[in-house]
Amino acid sequence: MMLRTGVVLAAVFAGGALALVPTQASAQTEPKDNMWTRSATLYLSQAQSNPNPEEKQERYQEALNVSLEGIENEPDNPQGYYQAGRALVGMGDFLRADSMLTKAEELWPEYTAETVPVREFAWIQAYNAAIPALNAGNTDEAVQQLERAHVIYQGRPEAMLNLGQVYTQQGNAGRAIEMYEMALEIMTGPAFDEQDEQTQENWRQNEQIGAFNMAQLMAQEGRNEEAAEAYEAFLARSPGNVDALSNLAIVLMNMDMADSAQAIYEGLLSNPDLGPRDYFSAGIGLFQAEQYALAAQAFEKTAEMNPQSRDATYNLAQALYLVEDYDNLVPVATRLVELDPYNQNAHTFYVRGLLMGGDEEAAQEAYTHMQELPIDVYDLQLQPNGAGGGTVFGTVENRMSEEGATVGLRVHFLTEMGTEIGTADVDVQLTALETSTAFQAEVAGDEPAMAYWYEVTTEIPTVELPEEPADTTGTGGN
């Protein structure tokens, strides 16, 4: 919440009780017509009905001029400030408009019934002007328009949320946190009940985004106590939210409150009502907190519910690898190389599990196979689409194939519970040896894609790598 601060003066009085002195701050003046307000009314009406942009601005300027003249002659008449504010809104000068409308509201608080619609109208103009800039990645223009929207009206959270994201991109964490705080105050305050059902649903979704973004920024800035409070405040409104609990546990770990964090994670893992995504989220939090054994439990639950989830199986294998649980690593890695057949790390997990489990012959055979893989598929990331379907991004490195060869990938997209949504085929043209090519595969569907796996659908031609020159210096490495 942003606080308005002022200067507090300290005074010393000699003896006696202090009496309260009435001030003029509470004085109110009812709006009244005069020669200037009547002229301003005419000019404003002409400006609003004029289709010619240049003439429209001339009428607004005339309305402003006569309003300022009226203010000079009758500075206590709120109507002059209100009309000047309307003229400035029409001219696009929202900063000065805000000052004029604020003065009108101070002189006559009942004016808010008329000033709020004026402010919201200006907000809509500025906010809509910011959207193309945001979509085009023009952050400077976006900030300018969003700030114009924010300065004239603070009754809606959308501009604040977008400003929070843009300020984060620009590295201004402090200002971003302020924007998120203000947006959350609106979305969780009395204004929520005044919205229609669709807006309320949007605000609920945006509340989680805003609260999490703000808390993560606070944690990054070392403000862990505030971050914990932000997550706890969100949990008070959304009890049991797995993402919030997992993130809170990470913050508690950073605060050296490992017992409290572990209690949260153990509570999540013992909850039989969670779904694959919930366990996966808990596993990510545990992995980031370096609680690899507990992370393995979480990823195992996800993989049991959705056995074809490449990411859950990969993370499970990685956690088992780090805790050196090789007996369980081998069957998990075996399944992983079926879901992610050209990933070097997946094969490394498998080879390591075999070797440390004592099956040296199988380990050697698996190692030779890994070394002969012509490509490496890595940096795989799934981006679900809230409307249904999703996109998988990844990279293919040419390890020992022909430059220009085409590799066909077929990505299978799955729902949270493992039902296949559809497949997407993508051709990746390989570049020179030891160079990489990015790719993406996308599919539409009725449900968001929450898991995936892939297969290679083409033969991959290989080339013989040149032998390294013999070392004749006697200083070769190990």
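Let us look at the structure shown here. (Residues numbered from 1 in each chain as written. Predicted model: local features only at pLDDT ≥ 70, side-chain atom pairs only at ≥ 80, totals over all residues. Heavy atoms only, no water.)

### Some words on the sheet that holds strand β2 (residues 390-398)
Piece 1. On the basis of which strands lie adjacent, the open sheet formed by three strands has the order β1-β2-β5 and antiparallel pairing. Of all the strands in the sheet, the pair left with one neighbour each is β1 (375-384) and β5 (436-443). Ignoring strand direction, the axes of neighbouring strands in this sheet form an average angle of 20°.
Piece 2. Two strands pair when backbone bridges link them, and β1 and β2 are joined in this way by eight bridges, in the antiparallel orientation. (Pairing = 2+ DSSP bridges. Helix = DSSP H or I, 4+ residues; strand = E, 2+ residues; numbered from the N terminus. Axes fitted to C-alpha atoms, helices over the stretch in contact; angles between N-to-C directions.)

### Some points on unusual backbone geometry
Piece 1. In the Ramachandran plot, E324 falls in the positive-phi region, its phi being about 60° despite a non-glycine side chain.
Piece 2. For E324, the position within the fold is in the loop between α15 (310-322) and α16 (326-339).
Piece 3. A relative accessible area of 54% places E324 in the exposed class.
Piece 4. Phi is positive for E434, which is not a glycine, with a value near 65°.
Piece 5. Here E434 shows up in the loop between β4 (420-429) and β5. (Buried < 20%, exposed > 50% of the residue type's maximum accessible area, 1.4 Å probe, protein only.)

### Description of helix α3 (residues 78-91)
Piece 1. Between its terminal C-alpha atoms α3 stretches 20 Å, which fits the 20 Å expected from 14 residues at 1.5 Å a residue.
Piece 2. The buried count for α3 comes to eleven of 14 residues, which makes it a mostly enclosed element.
Piece 3. Of the residues making up α3, those classed as buried are P78, Q79, G80, Y81, Y82, Q83, A84, G85, A87, L88 and V89.
Piece 4. Its buried side turned inward, α3 meets α1 (35-49), α2 (53-73), α4 (94-107), α5 (112-135) and α6 (139-152).
Piece 5. Downstream of α3 by one or two residues, G92 has phi in the positive range, about 85°. (Expected span 1.5 Å × (residues − 1). Contact = heavy atoms within 4.5 Å.)

### Some words on a negative patch on the surface
Piece 1. A cluster of acidic residues, D359, E360, E361 and E365, forms a negative patch at the surface.
Piece 2. Along the polypeptide, E365 turns up in helix α18 (residues 360-371). (Patch = residues over 30% accessible without salt bridge, like charges linked within 9 Å, V, L, I, M, F, W, Y side chains within 5 Å. Areas by Shrake-Rupley, 256 points an atom, 1.4 Å probe, with all protein chains shown as cover. Salt bridge = Lys/Arg side-chain N within 4 Å of Asp/Glu carboxyl O. Lys, Arg positive; Asp, Glu negative; His and termini not counted. Charge placed at Lys NZ, Arg CZ, Asp CG, Glu CD.)

### Re the sheet that holds strand β6 (residues 451-456)
Piece 1. The antiparallel open sheet is built from three strands, whose spatial order is β4-β3-β6. What marks the edges here is a single partner per strand, and that holds for β4 and β6. For this sheet, the mean angle separating the axes of adjacent strands, direction not counted, is 20°.
Piece 2. Here strand β3 (residues 406-414) pairs with β4 via nine bridges, running antiparallel. Looking at β4, one finds that V407 is bridged to V428.

### Structural notes on the pairing of β6
Piece 1. Burial of β6 is extensive: five of the six residues sit out of reach of the surface.
Piece 2. Of the strand pairs in this sheet, β3 and β6 are connected by six bridges, and their pairing is antiparallel. Residue pairing across strands places L409 opposite V456, the latter belonging to β6.

### As for the side chain of H150
Piece 1. Tracing the backbone shows H150 in helix α6.
Piece 2. For H150, a relative accessible area of 8% corresponds to the buried category.
Piece 3. Setting aside its immediate chain neighbours within four residues, H150 contacts W123, M160, L163, R175, M179 and M182.

### Observations regarding the packing of helix α9 (residues 197-220) against helix α11 (residues 242-254)
Piece 1. Between α9 and α11, the shortest axis-to-axis distance is 11 Å and the interhelical angle comes to 10°. On the basis of the axis angle, α9 is roughly parallel to α11. The segment α9 lies against α11, with Q208, F212, Q216 and A219 engaging D243, A244, N247 and V251.
Piece 2. By residue class, the composition of the contact of α9 with α11 is four nonpolar, three polar and one charged. (Parallel < 35°, antiparallel > 145°, perpendicular 65-115°, else oblique. Nonpolar A, V, L, I, M, F, W, Y, C, P; charged D, E, K, R; others polar.)

### Considering the packing of helix α12 (residues 258-269) against helix α13 (residues 276-288)
Piece 1. Contact pair α12 / α13: the axes reach a minimum separation of 10 Å and the direction vectors enclose 155°. The orientation of α12 relative to α13 falls into the category roughly antiparallel. Considering the relative orientation of α12 and α13, their crossing is left-handed. Contacts between α12 and α13 involve Y265, L268 and L269 from the first element and Y279, A282, G285 and L286 from the second.
Piece 2. For the contact of α12 with α13, the residue count by class is six nonpolar, one polar and no charged. (Left-handed = near helix turned anticlockwise from the far one by under 90°.)

### Quick look at α16
Piece 1. The terminal C-alpha atoms of α16 lie 20 Å apart, and with 14 residues this matches the ideal 20 Å at 1.5 Å per residue to within 8%.
Piece 2. Buried within α16 are the following residues: Y326, L329, V332, A333, L336, V337 and L339.
Piece 3. Those residues of α16 that are buried are in contact with α15, α17 (344-356) and β6.

### Re the pattern of salt bridges
Piece 1. In the structure shown here, the tally under the stated rule is 15 salt bridges.
Piece 2. Residue D340 pairs with R310 through a salt bridge whose shortest N-O separation is 2.9 Å. Here D340, found in the loop between α16 and α17, pairs with R310, found in helix α15; they are 30 residues apart in sequence, far enough to count as distant. Summarising the burial analysis for this pair, D340 and R310 share the class buried.
Piece 3. Through salt bridges with shared partners, one network takes in E58, R59 and E62.

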